[in-house]
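What follows is each chain in one-letter form.
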Amino acid sequence: EAGVAQSPRYKIIEKRQSVAFWCNPISGHATLYWYQQILGQGPKLLIQFQNNGVVDDSQLPKDRFSAERLKGVDSTLKIQPAKLEDSAVYLCASSPQVAGFKQFFGPGTRLTVL
Amino acid sequence: SQQGEEDPQALSIQEGENATMNCSYKTSINNLQWYRQNSGRGLVHLILIRSNEREKHSGRLRVTLDTSKKSSSLLITASRAADTASYFCATDLTVTGANNLFFGTGTRLTVIP
């Protein structure tokens, strides 16, 4: 079974530039999550999708972050404009169920904002 | 904060020894999960224990849950160098109507060959 795919693996940008990350979840998984993991910390949920609908985006900084999941499969997370404090690893995860189930994580995208 | 807190923050042991990591949390949970993260990689799910369970085993892993104390522990027996990683507990909570995982800051385990 193929795992969660993410690209790019690494990205370096200047502050105020924009950046986009892509995630392809495990086939058949209805729920998709984006997390931000700052160095030395645990992952923090940014947004959760159920199929192509948003379940929870309460921790997404909506002034600069946006995410979509078209057709309930792939998802993109965008930051515009980026700030220095956005430097982190962005992890995508998927799960076959909304509640009470383990999550499968991708390898992450390491973003450095200079 | 809704996140769990792991203790210790870092742990260094010899290969073959047991490693114990603890997690404390603040609110009622649906379940508690443990994940492992190797350096530069994504997280890998290890074990899930539901709020009505007290102990669970998976291979060399043993997890306990004490909901009255709002704490959990992860025991890795007969550790191997390959167990070197960061370990996170994650509490499954229902917040704003959605089930979400809240991760702690992790325990960094080093197993010395």
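Small disclaimer: the values here were computed from a predicted structure and weren't measured.

In this section: the sheet that holds strand 3 (residues 19–24) of chain B. Residue and element names in this part refer to chain B. Taking strand neighbours across the sheet as the criterion, the five strands line up as 1-3-8-7-6 in an open arrangement whose pairing is antiparallel. The open sheet has two edge strands with one neighbour each: strand 1 (5–7) and strand 6 (55–58). Pairwise comparison of adjacent strand axes, ignoring direction, gives a mean angle of 20° for this sheet. As paired elements, strand 3 and strand 8 (residues 71–76) share six bridges and run antiparallel to each other. The residue of strand 8 that forms the bridge with Met-21 is Leu-74.

Attention now goes to the interface of chain A and chain B. Between chain A and chain B, the contact holds 23 residues from the first and 24 residues from the second. In terms of surface lost to chain B, no three residues of chain A exceed Pro-43, Gly-100 and Phe-105 of chain A, which account for 26% of the buried area on that side. Joining chain A to chain B, the criterion identifies zero salt bridges. Counting only elements with at least two residues in the side of chain A that touches chain B, the list comes to strand 4 (31–37), strand 5 (44–50) and strand 6 (53–56) of chain A. Of the residues in the side of chain A that touches chain B, the class split is ten nonpolar, nine polar and four charged.

Evaluation of the coordinates by the stated rule reveals two disulfides over all chains. Here Cys-23 of chain A pairs with Cys-92 of chain A through a disulfide, and the sulfurs are 1.9 Å apart. Negative torsions about the S-S bond denote left-handed disulfides, and the value of about -65° found for Cys-23 of chain A with Cys-92 of chain A makes this one left-handed. Taken together, the positions of Cys-23 of chain A in strand 3 (residues 19–24) and Cys-92 of chain A in strand 9 (residues 88–95) put the pair 69 residues apart, joining distant regions of the chain. Each sulfur in the disulfide pair Cys-23 of chain B and Cys-89 of chain B lies 2.0 Å from the other. Here Cys-23 of chain B and Cys-89 of chain B share a disulfide; its torsion about the S-S bond, 65°, makes the bridge right-handed.

The next thing to look at is the pairing of strand 8 of chain B. All names here are of chain B. Of all the six residues making up strand 8, five are buried; the element is thus mostly covered by neighbouring parts of the structure. Examined bridge by bridge, strand 7 (residues 61–66) and strand 8 share six bridges and lie antiparallel to one another. Counted as the bridge partner of Leu-61 is Ile-76 from strand 8. Between strand 7 and strand 8, which pair antiparallel one after the other, the connecting turn spans four residues, and Lys-70 there sits at a positive phi close to 50°.

All names here are of chain B. Pairing geometry for strand 6 and strand 7, over four bridges, is antiparallel. Across the sheet, Lys-56 pairs through a bridge with Val-63, a residue of strand 7. Taken together, strand 6 and the strand that follows it, strand 7, pair antiparallel across an intervening segment of two residues, in which Gly-59 is found at a positive phi of about 60°.

This next bit is on the sheet that holds strand 8 (residues 75–79) of chain A. Residues and elements named next belong to chain A. Taken in spatial order, the four strands make up an open sheet running 1-3-8-7, and their pairing is antiparallel. Both outer strands of the open sheet, strand 1 (5–7) and strand 7 (65–68), are each paired with one neighbouring strand and no more. Across the sheet, the axes of successive neighbouring strands diverge by a mean angle of 15°, strand direction being ignored.

What counts and what doesn't
Residues numbered from 1 in each chain as written. Chains lettered and ligands numbered in written order. Predicted model: local features only at pLDDT ≥ 70, side-chain atom pairs only at ≥ 80, totals over all residues. Heavy atoms only, no water. Pairing = 2+ DSSP bridges. Helix = DSSP H or I, 4+ residues; strand = E, 2+ residues; numbered from the N terminus. Axes fitted to C-alpha atoms, helices over the stretch in contact; angles between N-to-C directions. Contact = heavy atoms within 4.5 Å. Buried area = accessible area lost by both parts, 1.4 Å probe. Salt bridge = Lys/Arg side-chain N within 4 Å of Asp/Glu carboxyl O. Nonpolar A, V, L, I, M, F, W, Y, C, P; charged D, E, K, R; others polar. Disulfide = S-S within 2.5 Å. Buried < 20%, exposed > 50% of the residue type's maximum accessible area, 1.4 Å probe, protein only.

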